[in-house]
Amino acid sequence: MGFKRNILMLAGAALLSTSAMAQDTSMSFFITSKGSGDGGNLGGLAGADMIFKSLATAAGQGDKDWKAYLSTNGDGGVNARDRIGQGPWYNAKGVMVARDIDDLHSDNNKLSKENSLSEMGMMINGRGDSPNQHDILTGSDLMGMMSENTCSNWTSSAEDGSGNVGHHDRQGGGVNPTSWNFAHPSRGCSQQNLIATGGNGYFYCFAAK
């Protein structure tokens, strides 16, 4: 009888643990409140991940495996969608922005100006605000795959070159104006050019669960 009771208790504890994990709505997605300050030169993917780690730590969420939603190309190139795990992802207010990787890259995701918040839960300026900062660096296509435009794999702050950007507020110009991850290429990779065309060198971060 005691053995059966112990088995039931262990099973119950495991169920509660699984339930608690399933209900974790702590922050697992944000837009950086600042970039590198050097345009598209983020120090490569490793440098971008370090920026995220620092910002997440300051927000009390540094223990997660934060990954920049950025693609690179060429030898050893990676797709942004392959870096960030499978979801689900929640913003700083506990709102689920996407259930899984397919949901994230569909029209069903909940990414918007109101939901795509910084690590401190603040809204990022969008179209109509001054200054407009809705261009978010991704280097990706609509499905989160690598593109030709990555500011030399996030090591360039040159006046020329470009990096694909999305519109976090889902509005504006470009070939895909309502896309969060590929609205258009940037005009150059310098900080000045990113600012001039509606950005500030921000990028997306997801916890790879």
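Residues numbered from 1 in each chain as written. Predicted model: local features only at pLDDT ≥ 70, side-chain atom pairs only at ≥ 80, totals over all residues. Heavy atoms only, no water.

Draft legend 1. Summary view of the overall build of the chain. What the chain contains, in helices and strands, is 5 helices and 8 strands. Ordered by position in the sequence, the α and β elements of the chain form the string α-β-α-β-β-β-α-β-α-β-β-α-β. When each of the 209 residues of the chain is scored for burial, the buried share is 48%. Long-range contacts, defined here as pairs at least 24 residues apart, represent 66% of the contacts in the chain between residues at least 6 apart. Accessible area of the chain: about 9,800 Å², with a carbon and sulfur share of 54%. (Helix = DSSP H or I, 4+ residues; strand = E, 2+ residues; numbered from the N terminus. Buried < 20%, exposed > 50% of the residue type's maximum accessible area, 1.4 Å probe, protein only. Contact = heavy atoms within 4.5 Å. Areas by Shrake-Rupley, 256 points an atom, 1.4 Å probe, with all protein chains shown as cover.)

Draft legend 2. Representation of the confidence of the model for the chain. With 89% of its residues at a pLDDT of 70 or more, the chain shows a mean pLDDT of 92. The low-confidence segment residues 6-20 (pLDDT under 50) makes 0 contacts with residues lying over four places distant or belonging to another chain. (pLDDT = per-residue confidence, 0-100.)

Draft legend 3. Inspection of the nonpolar core at higher detail. If you look at the biggest cluster of nonpolar residues, it comprises 21 residues, and the most contacted ones within it are Phe-30, Trp-66, Leu-70, Leu-137 and Phe-203. Contributing elements (two or more residues each) for this core: helix H2 (44-58), strand S2 (66-68), helix H4 (151-154) and strand S8 (199-207). If one sorts the elements of this core by residue count, H2 sits on top with 6 residues. Not counting chain neighbours up to four residues away, the residues in contact with Phe-203 comprise Phe-30, Ile-31, Thr-32, Gly-35, Leu-42, Ala-48, Ile-51, Phe-52, Ala-68, Leu-70, Ile-136 and Leu-137. The next biggest cluster of nonpolar side chains, apart from the first, holds 17 residues, and it includes Ala-80, Ile-101, Leu-111 and Tyr-204. (Core = buried A, V, L, I, M, F, W, Y, C linked by side-chain atoms within 4.5 Å.)

Draft legend 4. Representation of unusual backbone geometry in the model. A cis amide bond links Gly-87 with the next residue in sequence, Pro-88, at an omega value of 0°. Looking at the element boundaries, Pro-88 is found in the loop between S2 and strand S3 (89-90). Residue Ser-130 is joined to Pro-131 through a cis peptide bond whose omega torsion reads 0°. Locating Pro-131 in the fold gives a position in the loop between helix H3 (101-104) and strand S5 (135-137).

Draft legend 5. The arrangement of the packing of aromatic side chains in detail. Across all of its chains, the model carries 11 aromatic pairs by this definition. Ring geometry for Phe-29 and Tyr-204: centres 6.1 Å apart, planes at 25°, overall stacked. Highlighted residues: Phe-29 in strand S1 (residues 29-31) and Tyr-204 in strand S8, separated in sequence by 175 residues. The same class applies to Phe-29 as to Tyr-204, namely buried. Considering the side-chain rings of Trp-180 and Tyr-204, the 5.2 Å spacing of their centres and the 75° angle between planes classify their relative orientation as edge-to-face. With Trp-180 in the loop between strand S6 (164-167) and strand S7 (184-185) and Tyr-204 in strand S8, this pair connects stretches of sequence that are 24 residues apart. Owing to a relative accessible area of 4%, Trp-180 belongs among the buried residues under this scheme. Given the relative accessible area of 0%, Tyr-204 is considered buried. One aromatic cluster is present, built from ring pairs that chain together Phe-29, Tyr-69, Trp-89, Trp-180, Tyr-204 and Phe-206. (Phe/Tyr/Trp six-rings, centres within 6.5 Å; stacked < 30°, edge-to-face > 60°.)

Draft legend 6. Inspection of the state of the cysteines at higher detail. According to the stated counting rule, one finds 1 disulfide in the structure shown. The side chain of Cys-151 participates in a disulfide bridge whose partner is Cys-189; the two sulfur atoms lie 2.2 Å from each other. Judged by the torsion about the S-S bond (-100°), the Cys-151/Cys-189 disulfide is left-handed. Taken together, the residues span a long stretch of sequence, with Cys-151 in helix H4 and Cys-189 in the loop between S7 and helix H5 (191-196) at a distance of 38 residues. Both residues of the pair, Cys-151 and Cys-189, belong to the buried class. (Disulfide = S-S within 2.5 Å.)

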